[in-house]
Amino acid sequence: MVSLKTVRQSNAALQAFPPGIVAVFAGATQGIGLATLKQFAKYVSGPKAYIIGRSHEKGKHIIDQLKILNPMGSFMFIEAQISKFAEVDRVCEEIKSLENHVDILCMSMGYLSLGGRVETPEGIETNRALQLYSRLRLTMNLLPHLERSMSPRIVSVLSAGFEGPLDLSDLDWKSHKSYSVFKAAAPASTMMNLFFEELAKDHPTVSFVHSFPGVVATNNVDNMFAHAPGLLWFPAQIPRYTVVPLLNMFAAISPDEAGERTLFLATNARYPPAEDHIEARKMGGFVDRPQGVPFAASTIMKEGRGNGVYRVNSHGETCKDSALLKGYRKDDIGKVVWEHTMRVFAEALANRDENGNGNENGLREAEANVSDTDSLDFELDLKS
Ligand SMILES: NC(=O)c1ccc[n+]([C@@H]2O[C@H](COP(=O)([O-])OP(=O)(O)OC[C@H]3O[C@@H](n4cnc5c(N)ncnc54)[C@H](OP(=O)(O)O)[C@@H]3O)[C@@H](O)[C@H]2O)c1
């Protein structure tokens, strides 16, 4: 286990690094992403962050607060509906036109829901788009820029260690009548790992981290109960005002701790890429590995060298090896997931009229899930 003290020491060492670390955050308008962004602003000297989110007002509010935290930082908000791949592409083009390189890509967008399937205008289940496909597309689009970094890292905050079997005849669960984000979560986690492993084969100078943050006291469970559909809303208010506050108070870790730990995953040499960084004339991480803390084990290790992909738990440790993933690797299911994902992208982007518009009704439904915290009454805790 990597102690929080070690994590904080490592993050504090980022201050010694010259200004100019560039990070892209998706899902950082609240929760774990926002907490990581805050730690990035706090620790990095002259940080540069692109924050992709769906509310310009909220973005402006966050930037105002980050500026107080670090007046030397550059913080840019890009408004986009990131569940749509066309929007992912637009945002990536904008970032690429403004930067020569990107060092860190941190992705944590998604929501919990008691409802069923809600599709984006491009015909993709919205939560699946946010937790899986948009993350993979952001990653692919930004990889050429990441490869120009001295220490390129991709961190996807999701559910490493909670992988589940795939329905190979229906990877998107389209035929599953009772679709739920909970049932779809474990296969999505499997697909995230396998896709990262495919990408790492062609991009050996990049580290790919899929993390499970632990139970974190963010608003995501509260939002789920607050937006429970139909008659479910009434019983949902009972756990919302009883179990959830107790869980947050006694069992969950704070968003700040999750943010510190996610920044560590994004910057410490404990999680190096596959290629020897000295040979590649790069760094294994912006901060050296702490004394006494070994290299993390990659998902595939051969003759002492890893593939640069990590499944990491809430303590910064590699998750236990998974028999399920081993079997999928043996059967080359990574390729199946890759080809499927390419088809999903192509079909979704074709699912638009000549003006580039999709069925915006789907988007409106998904937007019904906007969290209560969209009101701008939150403040970043600038002290911690
Ligand atoms: N918190 C936990 O205990 C926990 C545990 C395990 C895994 N995770 C995973 O970690 C990730 C982050 O969780 P969190 O607790 O930080 O969540 P959160 O506080 O609810 O934040 C979620 C982020 O996703 C964005 N988002 C939600 N719905 C969206 C939509 N329809 N379109 C575009 N963006 C949308 C939110 O943007 P807005 O600000 O615009 O709403 C926000 O930036 C999630 O994938 C979650 O499943 C969390």
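Can you tell me about the side chain of threonine 36, naming the residues and giving the values?
For threonine 36, the location among the structural elements is in helix H2 (residues 31-43). In terms of polar contacts, threonine 36 uses its side chain to reach the backbone carbonyl oxygen of isoleucine 32, at 2.7 Å. Setting aside residues no more than four positions away along its own chain, threonine 36 makes contact with Phe25, Cys106, Ala258, Gly259, Thr262 and Leu263.

Explain a nonpolar patch on the surface residue by residue, including any values.
The grouping of Leu114, Phe182 and Leu232 at the surface amounts to a nonpolar patch, some 250 Å² of accessible area in total. Along the chain, the position of phenylalanine 182 falls in helix H6 (residues 181-202). By relative accessible area, which is 43% here, phenylalanine 182 ends up partly exposed.

Lay out empty space enclosed by the protein with the relevant residues and their values.
In total, this model carries three cavities of 30 Å³ or more according to the counting rule given. Here the largest cavity defines a volume of roughly 110 Å³. Surrounding the largest cavity, 16 residues form its lining, Arg261, Thr262, Leu265, Asn313 and Ser314 being those nearest its centre. Its volume calculated, the second largest cavity comes out at about 40 Å³. When grouped by side-chain class, the residues that make up the lining of the second largest cavity number four nonpolar, six polar and two charged.

Can you break down the packing of aromatic side chains residue by residue, with the values?
The final tally for this structure, using the stated rule, is 11 aromatic pairs. Both rings, one in tyrosine 271 and one in tyrosine 310, keep their centres 5.6 Å apart while their planes meet at 80 degrees; by these two values the pair is edge-to-face. Placement of the pair is tyrosine 271 in the loop between helix H10 (255-267) and strand S7 (301-302) and tyrosine 310 in strand S9 (residues 309-312), with a sequence separation of 39 residues. Taken as a pair, tyrosine 271 and tyrosine 310 share a single burial class, namely buried. Taken together, the ring pairs connect Phe85, Tyr133 and Phe345 into an aromatic cluster. Stacked on the ring of tyrosine 179, the Lys or Arg arginine 117 has its end atom at 4.8 Å from the ring centre. Looking at arginine 289, its charged tip hangs above the ring of phenylalanine 295, at a distance of 3.9 Å from the centre.

Tell me about the pairing of strand S1 (residues 22-26), and name the residues and values.
Most of S1 is tucked away, with five of its five residues classed as buried. Covered by surrounding structure in S1 are Val22, Val24 and Ala26 together with Ala23 and Phe25, the residues of both alternating faces. Sheet topology note: the S1/strand S2 (residues 48-53) ladder contains five bridges and is parallel. Its bridge partner lying in S2, valine 22 is registered against lysine 48. Note on the crossover from S1 through H2 to S2: the handedness is right-handed. The pairing of S1 with strand S4 (residues 104-107) spans four bridges and is parallel. Among the inter-strand pairings, alanine 26 is bridged to a residue of S4, identified as methionine 107.

Got a sec to walk through the environment of glutamine 30? Specific residues and values, please.
Locating glutamine 30 in the fold gives a position in the loop between S1 and H2. Judged by its relative accessible area of 22%, glutamine 30 falls in the partly exposed class. As a C-alpha pair, glutamine 30 and glycine 53 span 23 residues in sequence and 9.9 Å in three-dimensional space.

Can you explain the packing of helix H4 (residues 85-98) against helix H12 (residues 333-350)? Please cite residues and give values.
Between H4 and H12, the least distance of the axes is 9 Å, while the angle of their chain directions is 100 degrees. Accordingly, the angle class assigned to the pair H4 and H12 is roughly perpendicular. Along its contact with H4, which presents Phe85, Ala86 and Asp89, the element H12 presents Val344, Phe345, Ala348 and Leu349.

So, the nonpolar core: which residues are in play, and what are the values?
Nonpolar side chains in soluble globular proteins tend to end up buried together. By size, the foremost hydrophobic cluster in this structure holds 49 residues, and its most contacted members are Ile52, Leu138, Ile154 and Phe208. At the level of elements, S1, S2, H4, S4, helix H5 (126-146), H6, helix H11 (323-330) and H12 are the ones that each hand at least two residues to this core. Here this core takes nine residues from H5, the largest share from any one element. Filtering out sequence-adjacent residues up to four positions away, isoleucine 52 remains in contact with Val24, Phe25, Ala26, Gly27, Phe77, Ile78, Ala80, Ile82, Val91, Ile95 and Leu138. Core analysis: the second largest hydrophobic core is formed by 41 residues, Phe25, Ala28, Ala258 and Leu265 among them.

What counts as what
The numbering scheme is per chain: residues are counted from 1 as the chain's sequence reads. Reporting of local features is limited, given that this is a predicted model, to residues whose pLDDT is at least 70; pairs of side-chain atoms are given and counted only at 80 or more, and all residues count toward the totals for whole chains, interfaces and linings. Hydrogens are left out, water is left out, and the side-chain values use all remaining heavy atoms of the structure. Each helix is a run of DSSP H or I of at least 4 residues and each strand a run of E of at least 2, with the numbering of both proceeding from the N terminus. Between N or O atoms, a polar contact is any pair within 3.5 Å; within protein, one atom must be a potential hydrogen donor and the other a potential acceptor, and residues adjacent in sequence are included only when both atoms are from side chains. Any pair of residues with heavy atoms lying within 4.5 Å of one another is described as a contacting pair. Nonpolar side chains (Val, Leu, Ile, Met, Phe, Trp, Tyr) are joined into patches within 5 Å and like charges within 9 Å, using only residues with over 30% relative accessible area and no salt bridge. Using a 1.4 Å probe, accessible areas were evaluated by the Shrake-Rupley method; residue-level cover was limited to the displayed protein chains. A side-chain nitrogen of Lys or Arg and a carboxyl oxygen of Asp or Glu constitute a salt bridge if their distance falls within 4 Å. Exposure is judged per residue with a 1.4 Å probe applied to protein chains only, and the accessible area is read against the type maximum: over 50% gives exposed, under 20% gives buried, and values in between give partly exposed. Grid points spaced at 1 Å and placed over the protein atoms alone form the basis of the search, with a cavity being a set where a 1.4 Å probe fits but cannot get out and a pocket an open set showing protein on both sides within 12 Å along at least five of seven lines. Lining residues have an atom within 4 Å of a point. Grid points are joined across faces, edges and corners, and a volume is the space filled by probe spheres set on the points. In this classification, the charged set is Asp, Glu, Lys and Arg, the nonpolar set is Ala, Val, Leu, Ile, Met, Phe, Trp, Tyr, Cys and Pro, and all remaining amino acids, among them Gly, are polar. Two rings from Phe, Tyr or Trp (for Trp, the six-membered ring) form a pair when their centres sit within 6.5 Å of each other. Planes less than 30 degrees apart are called stacked, planes more than 60 degrees apart edge-to-face, and all others tilted. For a lysine, the NZ atom is tested; for an arginine, the CZ atom; a charge sits over a ring if that atom is within 6 Å of the ring centre and within 35 degrees of the ring normal. A pair of strands is labelled paired if DSSP reports no fewer than 2 bridges between them. When the strands point away from the viewer, a crossover counts as right-handed if the route from the first strand across the helix to the second turns clockwise. For helices, the axis comes from a line fit to the C-alpha atoms of the stretch in contact; other axes are also lines fit to C-alpha atoms, and the angle between any two N-to-C directions lies between 0 and 180 degrees. Our angle categories are set so that under 35 degrees counts as roughly parallel, over 145 as roughly antiparallel, 65 to 115 as roughly perpendicular, and the remainder as oblique. As used in this record, nonpolar core signifies buried Ala, Val, Leu, Ile, Met, Phe, Trp, Tyr and Cys residues forming a set joined through side-chain atoms within 4.5 Å.

Structural measurements only, silent on function.
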